[in-house]
Amino acid sequence: MAMPLVLLPLAACLLSHALASSANIVQGSDLSVTLRSNIDHAASWEDTILDLASRDESRFLHLASLATTKKTTVPIGSGQQLLATASTYIVRAAFGTPPQPMLVAMDTSNDAAWIPCSPCVGCPSTTNFIPSMSSSYQPIPCGAPQCSQLPNPSCSPAPGSSCGFNLTYGSSSIDALLSKDSLSLDADSIPSYIFGCLRKVTGSSIPPQGLIGLGRGPLSLLSQTRSLYASTFSYCLPSFRSLNFSGSLRLGPVGQPKRIKTTPLLASPRRSSLYFVNMTGIRVGRTSVAVPPGTLVFDQATGAGTIFDSGTMFTRLVAPLYTAVRDTFRRRVKGTVSSLGGFDTCYEGTVSLPTITLEFTGMNVTLPVENVMIHSAARNLSCLAMAAAPDNVNAVLNVIASMQQQNHRVLFDVPGSRLGVAREPCTTA
């Protein structure tokens, strides 16, 4: 049975913005990361997990439709624990002069940066950026070339009008003003960073304090800071139950793992922001899954294939592949299979559980049980934390999601066209 998961969806790519010459010194940055989720903290852990799982599907549908001497580290934290809002990971950032602090979601499958601005009708956050309090804030005029590159630009015929745009983000719609201002990450200040200043929001599926896009498109953090961070970053995602900023987003080539197994990055013009890789197989314990033909094929033209994504909570596989993995897993585990909400492979009590190995060109990633199973203490139940892609769309993406990436260092080296994964515990209580 396909699991009804919901993903925090992607915003569309907005525009390109040229920055300083590549002759400038490339720097680095390392930030902490935490998970953000709108879960009721009074709810049981079981209800929390089911709510997180239910949020993955809309993000999946959106995905399917689409040399330095300094290092900068930005803390990553669990938004579920720290903001009690919809599941994703958050980092500390600040906009404007003087800096106004925000906790923004990080999203590897999105290019856009956007934050709630004051006044904003319907914005879910009480912490809004106030443009009038920033001496460096500027709206982008309608005549600017960036405005014409927006997906849905809107301009009034009045001379000197500012560029606006509209986007659909999951079940929400947003109206924003294209803007630029200083962006601060750790000790780094990035002048004239282009982002959307939200003026109106309908719906509740957007990250409340905004979003920083780490995708490969022209408006992403990588593109706008190419001379600073050389289009290179890595992160370690803590458990979504972590209570503090114990993960890290490391920006720039300095301080990245030297000894790490990697696989080539692939690109699709159909979904140009996504980080595609070539997954070649899956093992459950020592048993190789009989992969159905075509389910792991990368296709540039259609955008089919496998991606790594930080905003999806639980790994989604195209339906025939998921069924093959699930059935192999069930044959390996001795116990009576039950279900929990949309999780269709659960076991009560203590059972012997196998690892799962994801095989890629040039790299294998063996996931320990903590990255494979979710647990309900109330019912003493363990469930396979994977699911099939929704069957109501032409789903062609396999998404390696954040739970399967937790407590690993995941490296995105765009100039080197490689993605690497190495075990690195970063969860603390």
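The name recorded for the protein in an unreviewed UniProt entry is Aspartic peptidase A1 family protein, from Dioscorea alata.

Asks: Sorry if this is basic, but what is going on with the sheet that holds strand 18 (residues 287-288) here?
Replies: Sheet strands associate in pairs through backbone hydrogen bonding, adopting either a parallel or an antiparallel arrangement. One open sheet accounts for four strands, arranged 18-17-23-24; its pairing is antiparallel. Each edge of the open sheet carries a strand with a single partner, namely strand 18 and strand 24 (363-367).

Asks: Could you clarify how one ought to interpret the sheet that holds strand 22 (residues 343-348) in this entry?
Replies: The four strands are arranged 21-22-26-25 in an open sheet whose pairing can be described as antiparallel. Since the sheet does not close on itself, it has two edges, and those belong to strand 21 (338-340) and strand 25 (373-376), each with one partner. Between one strand and the next, the sheet's axes are offset by a mean angle of 40°, whatever the strand orientation. Sheet topology places strand 21 next to strand 22; two bridges connect them, and they run antiparallel.

Asks: Just to check I follow, could you spell out the pattern of salt bridges for this structure?
Replies: Note that side chains of opposite charge can pair when their charged atoms are close. Inspection of the entire model under this criterion finds seven salt bridges. The salt bridge involving R326 is made with D344; its shortest N-O contact spans 3.2 Å. Taken together, the positions of R326 in helix 7 (residues 319-332) and D344 in strand 22 put the pair 18 residues apart, joining distant regions of the chain. The residue R409 makes a salt bridge to E424 at a minimum N-O spacing of 2.9 Å. On the criterion of sequence distance, the pair formed by R409 in strand 29 (residues 408-413) and E424 in the segment after strand 30 (418-423) is long-range, its members being 15 residues apart.

Reading the values: rules and limits
Residues numbered from 1 in each chain as written. Predicted model: local features only at pLDDT ≥ 70, side-chain atom pairs only at ≥ 80, totals over all residues. Heavy atoms only, no water. Pairing = 2+ DSSP bridges. Helix = DSSP H or I, 4+ residues; strand = E, 2+ residues; numbered from the N terminus. Axes fitted to C-alpha atoms, helices over the stretch in contact; angles between N-to-C directions. Salt bridge = Lys/Arg side-chain N within 4 Å of Asp/Glu carboxyl O.

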